[in-house]
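# Residue-level structural notes
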Amino acid sequence: MLIEIVAPVFKCKEDEKIFFSRLQEINGFDCVIAKGAGWYLRLTDSVKQSSLIELEQICKMWCSEYKALEQ
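Quick caveat: nothing in here was measured; it's all calculated off a predicted structure.

### Some details on the packing of helix α1 (residues 13-24) against helix α2 (residues 49-61)
Between α1 and α2, the shortest axis-to-axis distance is 10 Å and the interhelical angle comes to 175°. Relative to α2, the element α1 lies roughly antiparallel. Across the interface between the two elements, F19, R22 and L23 from α1 touch E54, L55, I58 and M61 from α2. Among the residues making up the contact of α1 with α2, the classes are represented as five nonpolar, no polar and two charged.

Encoded structure:
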């Protein structure tokens with residue numbers, strides 16, 4: 001599954017590191033790719049609803065939104 005994360009707001013470098021470490025902890029995490037102002041998160045095929053709920057919470061914390069581009 002490929003997910004676009006739009007323009008998260010980081011307060012400092014440490015905040016950015018925490019954001020990415022939280023993404024890496026999501027069940028089914030594969031990789032994150034930067035492109036322009038957005039980020040693309042790839043999750044494995046075994047993604048569960050709980051993973052998407054966790055992603056939603058992370059995005060809210062960093063004033064961002066996400067949308068699935070492919071499943």
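### Section: the pattern of salt bridges
Under the criterion given, the structure shown has four salt bridges. One salt bridge in this structure joins E14 and K17, with 3.9 Å as the shortest N-O distance. Separated by three residues within a single helix, E14 and K17 lie in helix α1, roughly one turn from each other.

### Observations concerning the pairing of strand β1 (residues 2-6)
Extensive coverage of β1 is indicated by the burial of four of its five residues. By the bridge criterion, five bridges tie β1 to strand β3 (residues 38-43) in an arrangement that is antiparallel. From the neighbouring strand, I5 faces β3, where its bridge partner is W39. Here five bridges tie β1 to strand β4 (residues 65-70), and the two strands are oriented antiparallel to one another. Paired with L2 across the strands is E70, a residue of β4.

### Section: the pairing of β3
Counting buried positions along β3 yields five of six residues, so the element is predominantly enclosed. By the bridge criterion, six bridges tie strand β2 (residues 29-35) to β3 in an arrangement that is antiparallel. Within the sheet, the bridge partner assigned to V32 lies in β3 and is L41. Linking β2 to β3, which pair antiparallel, is a turn of two residues; within it G36 sits at a positive phi near 65°.

### Concerning the environment of S21
Along the chain, the position of S21 falls in helix α1. Judged by its relative accessible area of 30%, S21 is partly exposed.

### Here we look at the nonpolar core
Grouped together as the largest cluster of nonpolar side chains are 15 residues, with contacts concentrated most on I3, I5, F19, L23, L41, L43 and L55. Among the secondary structure elements, those contributing two or more residues to this core are β1, α1, β3 and α2. No other element matches α2, which puts four residues into this core.

Analysis parameters
- Residues numbered from 1 in each chain as written.
- Predicted model: local features only at pLDDT ≥ 70, side-chain atom pairs only at ≥ 80, totals over all residues.
- Heavy atoms only, no water.
- Axes fitted to C-alpha atoms, helices over the stretch in contact; angles between N-to-C directions.
- Helix = DSSP H or I, 4+ residues; strand = E, 2+ residues; numbered from the N terminus.
- Parallel < 35°, antiparallel > 145°, perpendicular 65-115°, else oblique.
- Contact = heavy atoms within 4.5 Å.
- Nonpolar A, V, L, I, M, F, W, Y, C, P; charged D, E, K, R; others polar.
- Salt bridge = Lys/Arg side-chain N within 4 Å of Asp/Glu carboxyl O.
- Buried < 20%, exposed > 50% of the residue type's maximum accessible area, 1.4 Å probe, protein only.
- Pairing = 2+ DSSP bridges.
- Core = buried A, V, L, I, M, F, W, Y, C linked by side-chain atoms within 4.5 Å.

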